[in-house]
Amino acid sequence: MAKYIFVTGGVTSSLGKGIIAASLAKLLQARGLRVTIQKFDPYINVDPGTLNPYEHGECFVTEDGAETDLDLGHYERFLNIFTSQANNVTTGRIYQTVINKEREGAYLGKTVQVVPHITDEIKRRMQLLGQSGEFDIVITEIGGTVGDIESLPFVEAVRQLQWELPEEDSVVVHLTLIPYLKAAKELKTKPTQHSVRMLSQEGVHPDIIVCRTERTLSPELRRKIALFCNVKPEAVIEAADAPTIYEVPVLMMREGLDLICLKKMNITGYKEPELSKWKEFLDKLKYPKGKVNIGLIGKYIELQDAYKSILESFIHAGAMNECKVEIVNVHSEFITEDNVSEKLTGLDGLLVAPGFGHRGVEGKIVAVKYARENKLPFFGICLGMQMAVIEFGRNVLGLKDAHSTEMDPDTKEPVIDLMEEQKKVTAKGGTMRLGSYPCTLQEGSLAMQIYGTPQISERHRHRWEFNNAYLEQYQKAGMVASGKNPGTGLVEIIELPGHPFFIGVQYHPELKSTVENPQPIFVHFVKAAKAYADKKLEVKNPLLQSEMI
Ligand code: GLN
């Protein structure tokens, strides 16, 4: 049977609970244990799929098509494993299950209450992965901050589970903030004391306190926190601000976070952490040999969390190329034919981001045209791919009304159209084409060169698709559909063979990039951007130029 580590957060949100949980999981995995992480979110949406990115950042899609919290992306990127619907549960989903059961009459006339019915359902779900036999340790991150009304049932469920399980089968890690007061020139422990007290009042006592801090914690301060929060001094862990999230597992290893957990859980026979691949990646990340500027053309750029997986994929791909990828955010809403060359100046590659709705699409189309005409490496993801199809339709095929029926339902040239199976769908939650689907690549294509295998599988989240009625016309004019769903013929990849690097994908490759397995399109795109940058350098070098002449 699995053992459980619960991670709670205190004082404030945004302390990086997901990263601490993922780092701890990484260390335990590196010691040979089978680990997974799950997140329990206190909000009432059944899943984050219906949330605007401005509300909650990116919606991460798992292999099985679950729309989940972006922390699951960190779990997958750190652990190099797949998660699933079972790894992300919200209050909404808990209540939905309980209410459905009530309607079926499963409670036999009893009054249905938060305790025990909601807490029982939370506990059942907390143990689902643990009971599968696949894992030695299940880490459960409780979303929100201790003291929030909405997280109470989750903390109560942790209390009950700890009472039910043998003493050595659970650990509670509490993440908190030790703020530095400039005026007093001091780190302050009071907020932490209060948050631990609040957690204790709710019946859960932390075994380990992880302190986010800008400054080093002195031994005296660690002892003070330990004494007032009633934990062993070695269980006060410093989580200093790190230059990159990928450094956190190493920092946590130095602090002994994994060892303290193992000791509390009475686990023996583990090995020294095997982190050679991880450290190799960190070295490449920290000491890049070159730099490229990639333009991220999107409409949610004010909130970087909206493109989390894309940004992380660039970090993985950059390290693989030993090259720093500088992301230049360009708001698609403000790109026009007149300012495009000025807005995109200095870029070595262009990524047109996924998205929904009409805001900013014309700017995206203009940006694609610029990349196509100027032979600037181009990578379009989902909506970005659809924009490349529209641009080609309008400017190469002369279909001036080419559009997606998402933005213009009555367009005369619906080159991007709603998928047949979507036409009867009215409900918004969980109804897109979601999760992993196979795709067959065309021999000799760029896609085939990138993946190195004709059969791939990638994750999806969309309702619209390339309208195959136009396929012949597009292929004749030079746009190749180099990847298709083998069963339905749905166009998954488009590319332009005459261009140094021009690829658009209907799926979301960013969802499968991990530290140990960087996503190949990102890796090749960064490589193409590097080649573009090098060529620019050559042209700028007068000596080289005269030699060339
Ligand atoms: N809005 C487009 C669709 O639903 C693209 C979706 C996306 O970019 N994820 O097909």
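Per chain, residues are indexed from 1 in the order of the written sequence. Local features are withheld for residues below a pLDDT of 70 in this predicted model, meaning they are given only at 70 or higher, and side-chain atom pairs are given and counted only at 80 or more; totals for whole chains, interfaces and linings count all residues. Water and hydrogen atoms were dropped before computing side-chain values, which therefore reflect all heavy atoms in the structure.

Some remarks on the pairing of strand 12 (residues 290-298)
To be explicit about the condition: Throughout, exposure labels follow a simple rule: accessible area from a 1.4 Å probe, protein chains only, divided by the maximum for the residue type, with under 20% read as buried, over 50% as exposed, and the rest as partly exposed. Strands are runs of DSSP state E lasting at least two residues, helices are runs of H or I lasting at least four, and both sets are numbered from the N terminus onward. Convention used here: a crossover is right-handed provided that the path from the first strand, over the helix, to the second strand proceeds clockwise when the strands point away from the viewer. Pairing between strands is defined by DSSP: at least two bridges between the two strands are required.
With 7 of 9 residues buried, strand 12 lies mostly within the body of the structure. What joins strand 12 to strand 13 (residues 323-331) is helix 12 (residues 308-320), and the crossover it makes is right-handed. As paired strands, strand 12 and strand 14 (residues 349-352) are joined by 4 bridges and run parallel to one another. Bridged to glycine 295 within strand 14 is leucine 350.

Observations regarding the sheet that holds strand 22 (residues 491-495)
Threshold: Under this scheme, a helix contributes an axis fitted over its contacting stretch, all axes are lines through C-alpha atoms, and angles between N-to-C directions fall in the 0 to 180 degree range. By definition, residues are in contact when any of their heavy atoms lie within 4.5 Å.
The mixed open sheet is built from 9 strands, whose spatial order is 13-12-14-15-23-22-21-18-19. Of all the strands in the sheet, just strand 13 and strand 19 (455-462) have a single pairing partner and so form its edges. The sheet shows a mean angle of 25° between the axes of neighbouring strands, taken without regard to direction. The pairing of strand 14 with strand 15 (residues 378-381) spans 3 bridges and is parallel. Residue pairing across strands places valine 352 opposite glycine 380, the latter belonging to strand 15. Running over the sheet, helix 14 (residues 361-373) touches strand 12, strand 14, strand 15 and strand 23 (502-505) and is turned about 150° from strand 14.

Quick notes on the pattern of salt bridges
How we decide: Criterion for a salt bridge: a side-chain nitrogen of Lys or Arg within 4 Å of a carboxyl oxygen of Asp or Glu.
Using the criterion set out here, one finds 41 salt bridges in the structure. With its nearest N and O atoms 2.7 Å apart, the salt bridge here joins lysine 289 to glutamate 322. Residue lysine 289 is found in the loop between helix 11 (276-286) and strand 12, and its partner glutamate 322 is found in the loop between helix 12 and strand 13; the two are separated by 33 residues along the sequence. Here lysine 289 falls in the exposed class, since its relative accessible area comes to 69%. A relative accessible area of 26% means that glutamate 322 is categorised as partly exposed. Where lysine 412 meets aspartate 401, a salt bridge forms, and the shortest distance between an N and an O atom there is 3.2 Å.

What to know about unusual backbone geometry
In the segment running from valine 115 into proline 116, the intervening peptide bond is cis, with an omega of 15°. When you line up the elements, proline 116 lands in helix 5 (residues 114-128). Look at serine 14: it is not a glycine, yet its phi comes out positive at around 60°. With respect to the helices and strands, the residue serine 14 is situated in the loop between strand 1 (3-9) and helix 1 (17-30).

Observations regarding the packing of helix 9 (residues 248-255) against helix 10 (residues 257-264)
So the rule is basically this: For classification purposes, angles smaller than 35 degrees are called roughly parallel, those larger than 145 roughly antiparallel, those between 65 and 115 roughly perpendicular, and all remaining angles oblique. Any residue that is not Ala, Val, Leu, Ile, Met, Phe, Trp, Tyr, Cys, Pro, Asp, Glu, Lys or Arg is counted as polar, Gly included; the first ten are nonpolar and the last four charged.
Where helix 9 meets helix 10, the closest approach of the two axes is 5 Å, and the angle between their N-to-C directions is 55°. One way to sum up the angle between helix 9 and helix 10 is to call them oblique. Each of Met252, Met253 and Glu255 in helix 9 lies in contact with helix 10, whose residues at this interface are Leu257, Asp258 and Ile260. Looking at side-chain class alone, the contact of helix 9 with helix 10 contains 4 nonpolar, no polar and 2 charged residues.

Looking at the side chain of histidine 508
Rules: Polar contact criterion, stated in full: a pair of N or O atoms within 3.5 Å, where within protein one must be able to donate a hydrogen and the other to accept it, and residues adjacent in sequence count only if both atoms are side-chain atoms.
Tracing the backbone shows histidine 508 in the loop between strand 23 and helix 18 (520-540). Within the structure, histidine 508 has its side chain in polar contact with the side chain of glutamate 510 (distance 2.8 Å). If we skip the residues at most four places from it in the chain, histidine 508 touches Pro354, Ile381, Cys382, Glu458, Arg459, His460 and Arg461.

Looking at the sheet that holds strand 20 (residues 464-466)
Pairing is mixed in the open sheet, where 3 strands are placed in the order 16-17-20. A single partner strand is all that each edge strand has here, and the edge strands are strand 16 (402-404) and strand 20. Strand after strand, the sheet turns through a mean of 30° between neighbouring axes, direction not considered. Of the pairings in the sheet, the one linking strand 16 to strand 17 (residues 413-418) comprises 3 bridges and is parallel in character. From the neighbouring strand, histidine 403 faces strand 17, where its bridge partner is proline 414. Against the sheet, helix 15 (residues 383-395) contacts strand 16, strand 17 and strand 20, and its axis sits at roughly 160° relative to strand 16.

Looking at the environment of serine 313
Summarising the element assignment, serine 313 is placed in helix 12. By relative accessible area, which is 1% here, serine 313 ends up buried. Taking the C-alpha atoms as reference points, serine 313 and proline 509, separated by 196 residues in sequence, lie 8.8 Å from one another. Engagement of the side chain of serine 313 in a polar contact is seen with the backbone oxygen of serine 309, the distance being 2.7 Å.

Quick look at the packing of aromatic side chains
Stated precisely, the cut-off is as follows: Side-chain rings of Phe, Tyr and Trp, where Trp is taken by its six-membered ring, are said to pair if the distance between their centres is within 6.5 Å; with planes under 30 degrees apart they count as stacked, over 60 as edge-to-face, and otherwise as tilted.
According to the stated counting rule, one finds 17 aromatic pairs in the structure shown. With a centroid separation of 6.1 Å and 70° between ring planes, the pair formed by phenylalanine 40 and phenylalanine 154 is classed as edge-to-face. Of this pair, phenylalanine 40 sits in strand 2 (residues 35-41) while phenylalanine 154 sits in helix 6 (residues 152-164), placing them 114 residues apart in sequence. Accessibility assignment for this pair places phenylalanine 40 and phenylalanine 154 in one class, buried. Between phenylalanine 314 and phenylalanine 525, the aromatic rings sit 6.0 Å apart at their centres with planes inclined by 45°, giving tilted as the arrangement. You can see phenylalanine 314 sitting in helix 12 and its partner phenylalanine 525 sitting in helix 18, a full 211 residues away along the chain.

As for helix 9
Looking only at helix 9, the buried set comprises Val248, Pro249, Val250 and Met252. Tucked inside the fold, the buried residues of helix 9 contact helix 1, helix 3 (71-79), strand 11 (236-240), helix 10 and helix 11. Phi turns positive one or two residues past the end of helix 9, at glycine 256, with a value near 80°.

Read these as geometric descriptors, not functional statements.
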